[in-house]
Amino acid sequence: MDIKTKQFQILTDIGLAWKLMTDVYNHEETNGPAAPFFEYAIISSWLDKDYLRLNRFWLDGDLPVAFVFYENPVTSTYFVLRPGYEFLAGEMIEYAETAYPAFEEPRELVLSSGQTALINEAKKRGYHVEYEEPDRIFDLREGKLDYPLPEGYHFVESKKSDPLKCAKCLWDGFNSEDFGEFKDWDVPTKNGGLSPHELYQNVLCATLAPSPHATYDYTVIIADENEEYVCFSGMWWVQENKLAYMEPLCTVPSHQHKGLAAAALSRHDEVMRGLGAEILTGGGNVFYEKIGYRGVHMMLHMNK
């Protein structure tokens, strides 16, 4: 084997990360997260991009076989490892420990419960499981989501959607009321987050210049009778993995608890099932279990 390393470069290596992560993906995520997990993060404004150069690939010749990267915060490190290259696990853990800044937060390794080689190496170095985080998935081969759209609402065709209305929906859906009204155009959130102006720019840029593997045509948007967007559900269709990766999902607070999110996911079920999807992703919120998500990935958060 001719193992070498390469530091991540955002302008040239998104495809390299996507190839590795789609190559090794399985529905149990025993080799690492699904490919959209990384790409969605690096195109999102909440990710600190100052340290992306520290993410590292391991390559066997030209074949990517391992990848260490951070998400949010920088001190949370994730791992992708191609089967047959488990001997790299120790080197990957050591790199994660030493390459990234520590700031004032403890170094955290985030691993799927099935990444046994990496988990064992982490334990040898004194790491323990601080807590487990469930991530719900829906197996389209075993069931069907069929929640109706509530009366007074309708779906909006994603290709004809209004970016400003999408930005407002995302703002209202993901920020509590005391973070500022959307009309306060240039006021950032109290926690140092985005202002509505910045959020709008992000949504507009994503619409006009999407990331290489984004599939915005499958976004589900729900509007009320006044044509205000009140529920937004993004969708990444990973055909090579038969994976319908949902991200992000939000409902405007004044329209929550009416069944809109369940209806949006049911629309995803209908469309993505027709394309050949086997798995529809969800999240850790108990909501997913309530509407029928039975599968679960257990993510282990490990530190010293």
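Basis of the calculations
- Each chain carries its own residue numbering, running from 1 in the written order of its sequence.
- The predicted nature of this model means local features are confined to residues of pLDDT at least 70 and side-chain atom pairs, given and counted, to a pLDDT of 80 or more, with totals for whole chains, interfaces and linings taken over all residues.
- As a rule here, side-chain values come from all non-hydrogen atoms in the structure, and water together with hydrogens is ignored.
- Salt-bridge detection follows one rule: a side-chain nitrogen of Lys or Arg within 4 Å of a carboxyl oxygen of Asp or Glu.
- In this description a helix means any DSSP run of H or I spanning at least four residues, a strand means any run of E spanning at least two, and both kinds are numbered starting from the N terminus.
- Think of it in three bands: with a 1.4 Å probe and only protein chains considered, a residue is buried below 20% of the maximum accessible area for its type, exposed above 50%, and partly exposed in between.
- Two distance rules govern patches: like charges are joined within 9 Å, and nonpolar side chains (Val, Leu, Ile, Met, Phe, Trp, Tyr) within 5 Å, applied only to residues with over 30% relative accessible area and no salt bridge.
- Exposure was quantified through the Shrake-Rupley algorithm and a 1.4 Å probe, taking into account, for residues, occlusion by the shown protein chains and nothing else.
- Any two strands with at least two DSSP bridges between them are considered paired.
- The path from the first strand over the helix to the second decides the hand: if it runs clockwise while the strands point away from the viewer, the crossover is right-handed.
- Nonpolar cores are built from buried Ala, Val, Leu, Ile, Met, Phe, Trp, Tyr and Cys residues. Side-chain atoms within 4.5 Å join them into one set.
- Contacts are residue-level and defined by heavy atoms, with any inter-residue pair within 4.5 Å sufficient.
- Here a polar contact is recorded for every N or O atom pair within 3.5 Å, except that within protein the pair must consist of a potential hydrogen donor and a potential acceptor, and residues adjacent in sequence are included only if both atoms are side-chain atoms.
- How far a helix is expected to stretch is found by multiplying one less than its residue total by 1.5 Å.
- Only the stretch in contact is used when fitting a helix axis, every axis being a line fitted to C-alpha atoms; angles between N-to-C directions are given from 0 to 180 degrees.
- For classification purposes, an angle smaller than 35 degrees is called roughly parallel, one larger than 145 roughly antiparallel, one from 65 to 115 roughly perpendicular, and anything else oblique.
- Here the nonpolar group is Ala, Val, Leu, Ile, Met, Phe, Trp, Tyr, Cys and Pro; Asp, Glu, Lys and Arg are the charged ones; every other residue, Gly included, is treated as polar.
- Each crossing gets its handedness from the near helix: less than a right angle anticlockwise from the far helix is left-handed, clockwise is right-handed.

Asker: Pulling in residues and values, what's your account of the pattern of salt bridges?
Answerer: Evaluation of the coordinates by the stated rule reveals 15 salt bridges. Here Asp 269 and Lys 144 are joined by a salt bridge, their closest N and O atoms 3.8 Å apart. Taken together, the positions of Asp 269 in helix H7 (residues 260-275) and Lys 144 in the loop between strand E6 (128-139) and strand E7 (154-156) put the pair 125 residues apart, joining distant regions of the chain. A salt bridge links Arg 267 to Glu 270; its shortest N-O distance comes to 3.8 Å.

Asker: Break down the environment of Val 271 for me, citing the residues and quoting the values.
Answerer: For Val 271, the location among the structural elements is in helix H7. Judged by relative accessible area, which is 34%, Val 271 ranks as partly exposed. Along the sequence, Val 271 and Tyr 218 sit 53 residues apart, while their C-alpha atoms lie 8.0 Å from each other.

Asker: Can you break down a nonpolar patch on the surface residue by residue, with the values?
Answerer: A cluster of nonpolar side chains, namely Met 1, Ile 3 and Phe 87, defines an oily patch on the protein surface of about 340 Å² accessible area. Among the secondary structure elements, Phe 87 is positioned in the loop between strand E4 (76-81) and helix H3 (89-99).

Asker: Requested: an account of the pairing of strand E10 (residues 243-251), with residues and values cited.
Answerer: In summary, the side chains of a regular strand alternate between the two faces of the sheet. The buried fraction of E10 is high, at 8 of 9 residues. Where strand E9 (residues 229-238) hands over to E10, the hairpin turn is made up of 4 residues, of which Lys 242 adopts a positive phi near 50 degrees. Bridge count between E10 and strand E11 (residues 279-281): 2 bridges; the pairing is parallel. Residue pairing for E11: Leu 243 is matched across the bridge by Ile 279. Taken together, E10, H7 and E11 form a β-α-β motif whose crossover is right-handed.

Asker: So, the pairing of strand E8 (residues 220-223): which residues are in play, and what are the values?
Answerer: Burial along E8 is two-sided: the face carrying Val 220 and Ile 222 and the face carrying Ile 221 and Ala 223 are both buried. Both E7 and E8 contribute to a ladder of 3 bridges, which runs antiparallel. The residue of E8 that forms the bridge with His 154 is Ala 223. As judged from the 4 bridges shared by E8 and E9, these two strands associate in the antiparallel manner. Across the sheet, the residue bridging to Ala 223 is Tyr 229, located in E9. Between the antiparallel neighbours E8 and E9 lie 5 residues, among them Glu 227 with a positive phi of about 65 degrees.

Asker: An account of the nonpolar core is requested, with residue identities and associated values reported.
Answerer: Note that soluble globular proteins tend to have their nonpolar side chains buried in a common cluster. Ranked by size, the top nonpolar core spans 58 residues in total, and within it Phe 67, Phe 79 and Met 92 carry the most contacts. In terms of residues, this core owes the most to one element, helix H1 (residues 14-24), which gives 7 residues. If near-sequence neighbours (up to four positions away) are discounted, Met 92 is found in contact with Trp 58, Ala 66, Phe 67, Val 68, Phe 79, Val 80, Leu 81 and Leu 118. Tyr 153, Met 235, Val 252 and Tyr 288 belong to the second-largest nonpolar core, a separate cluster that totals 34 residues.

Asker: Can you break down the side chain of Thr 22 residue by residue, with the values?
Answerer: Within the secondary structure layout, Thr 22 lies in helix H1. Separated by 2.7 Å, the side chain of Thr 22 and the backbone oxygen of Trp 18 make a polar contact. Residues within four places of Thr 22 in sequence aside, it is in contact with Ala 35, Val 238, Glu 240 and Asn 241.

Asker: Any chance you could break down helix H5 (residues 163-174) for me, citing the residues and the numbers?
Answerer: Taking 1.5 Å of rise per residue, 12 residues should cover 16 Å, and H5 covers 16 Å from first to last C-alpha, within 8% of that figure. Turning to H5, its buried residues number three or more, namely Cys 166, Ala 167, Cys 169, Leu 170, Trp 171 and Asp 172. N-cap assignment for H5: the residue whose side-chain oxygen lies 2.9 Å from the backbone N of Leu 164 is Asp 162.

Asker: How would you summarise the packing of H1 against helix H2 (residues 35-42) if you had to cite specific residues and measurements?
Answerer: Packed helix pairs are characterised by how far apart their axes lie and by the angle those axes make with each other. Axis separation between H1 and H2 bottoms out at 8 Å; the angle between their running directions is 155 degrees. On the basis of their axis angle, the class for H1 and H2 is roughly antiparallel. Contacts between H1 and H2 involve Ile 14, Ala 17, Trp 18, Met 21 and Thr 22 on the former and, on the latter, Ala 35, Pro 36, Phe 38, Glu 39 and Ile 42. Residues of the contact of H1 with H2, tallied by class, amount to 8 nonpolar, 1 polar and 1 charged.

Asker: Would you mind going over the packing of H3 against helix H4 (residues 116-124) in detail, with residue names and values included?
Answerer: Packing of H3 against H4 brings their axes to within 9 Å, and their N-to-C directions diverge by 60 degrees. For the element pair H3 / H4, the angle class is oblique. Helix-helix and strand crossings are classified by hand; for H3 and H4 the assignment is right-handed. Touching Ala 89, Gly 90, Met 92 and Ile 93 of H3 are Ala 117, Leu 118, Glu 121 and Ala 122, all from H4. Within the contact of H3 with H4, the residues separate by chemical class into 6 nonpolar, 1 polar and 1 charged.

Asker: Report on H3, specifying residues and quantitative values.
Answerer: Listed in full, the buried residues belonging to H3 are Ala 89, Gly 90, Met 92, Ile 93, Tyr 95 and Ala 96. Buried-residue contacts for H3 involve strand E1 (3-7), strand E2 (56-60), strand E3 (63-70), E4, strand E5 (108-112) and H4.

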